[in-house]
Amino acid sequence: MSRGEHHRIHAHDRLRRNRLRIAQEAARLMSEHGIRDFHHAKLKAAERLGILDTQALPRNLEIEDALREHQRLFLADSQPQLLKQRREAAVEAMQFLASFEPRLVGAVLEGTADAHSAVCLHVFSDDPDAVGLYLREHGVPIETQTRRLRNNRDDQPEYPVLLFAADELPFDLTVLPRDALRQAPLDRADDRPMRRASLAQVEILLAEDSDDAFEQQLSMALR
């Protein structure tokens, strides 16, 4: 092997190790400090590790994988229950908001929700004020924000966001027009259409969670 090829292989291995280190540190920051933005988490992680090479910044999907591993290793006793609690709350909220055809999105759907995670829903109405009015009529105090979602590289419209709390859990509702039911915005993790789940699909997830928990308890009892 030539000296140049040896140097190239060594540099590639160093870059790969640094990407993994940044992904793991970003996952820790997201888990322990409630950082939700992948880009912010990876930049902060690289700064903390003293890694200045921008090529070493991992993709969002690598950070999400590292977050799952971090939760498996360090939060196995608490994270599944926090996830189940938020999925149960999502079902109740989706039943309450049924007329707006809600879809569950984000960490609660993906299975990475923790103590910092809000229950994130997409709701659909051609009148952007209708959802807020419905909530206020039912005595739900809300805060309003806006959020940009990407339909493609050149199309990043801004949508209303409604924030509220119920049973001490935070909820985050993005209000989209009805025709947005046909095509989900792009996911920040992998630039593919965002995964979204209907009420029926979330109920299936909950049933699967219960089955898994029962199997784990049975396995421990039989040891």
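Residues numbered from 1 in each chain as written. Predicted model: local features only at pLDDT ≥ 70, side-chain atom pairs only at ≥ 80, totals over all residues. Heavy atoms only, no water.

Engineer: Is there a simple way to explain the overall build of the protein chain in this structure?
Structural biologist: The helix and strand inventory of the protein chain stands at seven helices and five strands. When the elements of the protein chain are put in sequence order from the N terminus, they spell out α-α-α-α-β-α-β-α-β-β-β-α. Considering only contacts within the protein chain whose residues lie at least 6 apart along the sequence, 60% involve residues at least 24 apart. A total accessible area of about 13,600 Å² is found for the protein chain, and carbon and sulfur atoms account for 49% of it. (Helix = DSSP H or I, 4+ residues; strand = E, 2+ residues; numbered from the N terminus. Contact = heavy atoms within 4.5 Å. Areas by Shrake-Rupley, 256 points an atom, 1.4 Å probe, with all protein chains shown as cover.)

Engineer: Can you walk me through a negative patch on the surface in this structure?
Structural biologist: A surface patch of like charges, here negative, comprises E88, E92, D167 and E168. Mapping E88 onto the fold places it in helix 4 (residues 79-96). Note on E88: relative accessible area 35%, which makes it partly exposed. (Patch = residues over 30% accessible without salt bridge, like charges linked within 9 Å, V, L, I, M, F, W, Y side chains within 5 Å. Salt bridge = Lys/Arg side-chain N within 4 Å of Asp/Glu carboxyl O. Lys, Arg positive; Asp, Glu negative; His and termini not counted. Charge placed at Lys NZ, Arg CZ, Asp CG, Glu CD. Buried < 20%, exposed > 50% of the residue type's maximum accessible area, 1.4 Å probe, protein only.)

Engineer: Teacher, can you tell me more about helix 3 (residues 60-74) here?
Structural biologist: Owing to its 3.6 residues per turn, the α-helix brings residues three or four apart onto one side. Between its first and last C-alpha, helix 3 extends 21 Å over 15 residues, near the 21 Å set by a 1.5 Å rise per residue. Those residues of helix 3 that sit buried are N60, I63, E64, A66, L67, H70 and Q71. Seen along its axis, helix 3 keeps its buried residues to an arc of 160°; they face one direction. Residues of helix 3 that are exposed and angled more than 90 degrees away from the buried face: R72 and L73. (Expected span 1.5 Å × (residues − 1). Arc of directions from axis to C-beta.)

Engineer: Can you walk me through unusual backbone geometry in this structure?
Structural biologist: Even without a glycine there, the phi angle at E101 is positive, about 45°. Tracing the backbone shows E101 in the loop between helix 4 and strand 1 (103-105). Since its relative accessible area comes to 32%, E101 is described here as partly exposed. Here E168, not a glycine, exhibits a phi torsion of approximately 70°, which is positive. Looking at the element boundaries, E168 is found in the loop between strand 4 (158-166) and strand 5 (169-176).

Engineer: What's the story with the pattern of salt bridges in this structure? I'm lost.
Structural biologist: Opposite charge on two side chains allows them to pair when their charged atoms are near. Per the stated rule, a full pass over the model turns up 13 salt bridges. E32 is the salt-bridge partner of R28, the closest N and O atoms lying 2.7 Å from each other. Separated by four residues within a single helix, R28 and E32 lie in helix 1 (residues 3-33), roughly one turn from each other. Relative accessible area serves as the criterion here: at 44%, E32 is assigned to the partly exposed category. When salt bridges with common partners are traced through the structure, they connect E25, R28, E32 and R48 into a single cluster.

Engineer: Could you clarify how one ought to interpret the sheet that holds strand 2 (residues 119-124) in this entry?
Structural biologist: Within a sheet, each strand pairs with its neighbour through backbone hydrogen bonds, oriented either parallel or antiparallel. Pairing in this open sheet of five strands is mixed, and the strands run 1-2-5-4-3 from one edge to the other. With partners counted over all chains shown, the strands left at the sheet margins are strand 1 and strand 3 (143-148), one partner each. The average angle at which neighbouring strand axes cross in this sheet is 35°, direction not considered. Across three bridges, strand 1 lies against strand 2 in antiparallel orientation. Bridging across to strand 2, R103 finds its partner in H122. Lying on the sheet, helix 4 is in contact with strand 1, strand 2 and strand 5; it crosses strand 5 at an angle near 45°. Sitting on the sheet, helix 6 (residues 130-137) is in contact with strand 2, strand 3, strand 4 and strand 5, with an inclination near 15° to strand 4. (Pairing = 2+ DSSP bridges. Axes fitted to C-alpha atoms, helices over the stretch in contact; angles between N-to-C directions.)

Engineer: Looking at this structure, how should I read the confidence of the model for the protein chain?
Structural biologist: The predicted structure's coordinates, where accompanied by low pLDDT, should not be read in detail. When pLDDT is averaged along the protein chain, the result is 88; 89% of the residues meet or exceed 70. Confidence drops under a pLDDT of 50 for residues 214-223, and excluding neighbours within four residues, the segment shows zero contacts in the predicted structure. (pLDDT = per-residue confidence, 0-100.)

Engineer: Can you walk me through the environment of I63 in this structure?
Structural biologist: Locating I63 in the fold gives a position in helix 3. The exposure class of I63 is buried, given its relative accessible area of 0%. When the C-alpha positions of I63 and F38 are compared, they lie 7.5 Å apart, and in sequence the two are 25 residues distant. Those residues within four positions of I63 in sequence are excluded, and the remaining contacts are A23, A26, A27, M30, F38, K42 and P58.

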